[in-house]
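Secondary and tertiary structure notes
Here is what each chain is made of, one letter per residue.
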Amino acid sequence: MTAGAMIGAVISGRMTDFIGRRLGAWLLDLGRLSLGIGFGLTCYVGPAYLAEIIPKDIRGLLMSISQSMTGYGASLTFVIGSFVTWRSLAIIGCIPSLLLLLALFFIPESPRWLDYIENQRLQQNSDDNVLNLFRRKYLHIVIVGVGLMVVQASGGLYGFMFYMSEIFDSAGISSTLGFILVAVLQIPLIVLSAALIDKFGRRTLLMASATGQCLGCLLTGLSYFLQELDWWKEASPILALIGVLVYMGSYAFGMGGIPWIVVSEIFPINVKGSAGTLCNLVSSFCSWVVSYTFNYSFSWSPAGTFFIYAGICGFGVVFIAKLVPETKGRTLEEIHASLTRIMQ
């Protein structure tokens, strides 16, 4: 997949010169689709693999470091993308993908997965079916996993990311400056999150992150509200910039990676495949809804759009406080036993 993406990126420019822009646009769409497929696979498979091989005492730390690489990559992309064309950026993006593909040949398979496959060969039975996820003993963890994906993806991230230039421009801020500030801010917050996750736990960091996202949406919405009323015009661009920085920084601190860590920890291995598929599908669907509707809702009411996202993030704080279990310092087997016992 990544090799195909690399080849497509290399030949896309010249090919459009020979066969026209219409087919070239199709290649661009296929490239983005391929990128989405790869991203969808790694979002869950990576954390699930790490959760199964890392000792419990450092699981949160190492998984946070791994998940933080997405944030570092995004920050680096923001900076590089401010100085090169998107075509050059696409080709540069092939390099880490190819390195990852080559490195995968040198890592071992998950011991827990190997044990599970062996047990399946001997027993010939499995709960790993999507319909079985809705049995009473799994219902709580399904609600937690799916709920975290909904809160993470529906809180406006892809609206901020895909239309950040438009947000900065409409607020009267240089988009290049805005991208660089976002990139610089995210890196220390990601490091701080990795350092604190095994000390304060997943729930605490998730609630702090969702609270910060809610505040960032409110500030961004308020800046547009003031613009609509033609009040305090000199302050509204500053509010928009602060709102975006607070939102993106808060997302990097917790909601960016920790939901995937929790989802990879709470599902027993006999339903992990189906559960991962369901959570990943919900995440991708909610992300698509946000990215598809943002332009329309932003045209309808910029302030109203961000106030809606603030409400979703506020709901996320309550959801995490009430339903999400703490998993720090426990083996996967201890987590699974305690969670499935709740609903029996």
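Residues numbered from 1 in each chain as written. Predicted model: local features only at pLDDT ≥ 70, side-chain atom pairs only at ≥ 80, totals over all residues. Heavy atoms only, no water.

Observations regarding the overall build of the chain
A tally of regular secondary structure across the chain gives 15 helices and zero strands. When the 344 residues of the chain are sorted by exposure, 44% land in the buried category. Of all intrachain contacts in the chain linking residues separated by at least 6 positions in sequence, the fraction that spans at least 24 positions is 83%. Per element, the accessible surface of the chain, about 17,600 Å² overall, is 71% carbon and sulfur. (Helix = DSSP H or I, 4+ residues; strand = E, 2+ residues; numbered from the N terminus. Buried < 20%, exposed > 50% of the residue type's maximum accessible area, 1.4 Å probe, protein only. Contact = heavy atoms within 4.5 Å. Areas by Shrake-Rupley, 256 points an atom, 1.4 Å probe, with all protein chains shown as cover.)

Focus on the state of the cysteines
Scanning the entire structure with this criterion turns up zero disulfides. Sulfur of Cys217: no disulfide; nearest cysteine sulfur belongs to Cys313 and is 4.5 Å away. (Disulfide = S-S within 2.5 Å.)

Points about the confidence of the model for the chain
Per-residue confidence for the chain gives a mean pLDDT of 81; residues scoring 70 or more make up 87%. Ranking the helices and strands of the chain by mean pLDDT puts helix H14 (residues 302-323) first, with 92, and helix H1 (residues 2-19) last, with 55. (pLDDT = per-residue confidence, 0-100.)

Description of the side chain of Glu52
Considering the arrangement of structural elements, one finds Glu52 in helix H2 (residues 21-53). Among the polar contacts made by the side chain of Glu52, one reaches the side chain of Lys272 at a distance of 3.3 Å. Beyond its immediate chain neighbours, meaning those up to four positions away, Glu52 contacts Ser110, Arg112, Trp113, Ile269, Lys272 and Leu332. (Polar contact = N/O pair within 3.5 Å; in protein donor to acceptor, adjacent residues only side chain to side chain.)

Focus on the packing of aromatic side chains
All chains considered together, the criterion is met by 11 aromatic pairs. Ring plane angle 20° and centroid distance 5.4 Å describe the contact between Phe294 and Phe298, whose orientation is recorded as stacked. Of this pair, Phe294 and Phe298 both sit in helix H13 (residues 272-300), separated by four residues, roughly a single helical turn. As far as burial versus exposure is concerned, Phe294 and Phe298 are alike and both buried. Ring geometry for Phe315 and Phe319: centres 6.2 Å apart, planes at 35°, overall tilted. Of this pair, Phe315 and Phe319 both sit in helix H14, four residues apart, which is roughly one turn of that helix. (Phe/Tyr/Trp six-rings, centres within 6.5 Å; stacked < 30°, edge-to-face > 60°.)

Here we look at a nonpolar patch on the surface
Residues Leu98, Leu100, Leu101, Leu102, Leu104, Phe105, Phe106 and Ile107 make up a contiguous nonpolar surface patch of about 830 Å² in total accessible area. Along the polypeptide, Leu101 turns up in helix H4 (residues 86-103). We classify Leu101 as partly exposed; its relative accessible area is 33%. (Patch = residues over 30% accessible without salt bridge, like charges linked within 9 Å, V, L, I, M, F, W, Y side chains within 5 Å. Salt bridge = Lys/Arg side-chain N within 4 Å of Asp/Glu carboxyl O.)

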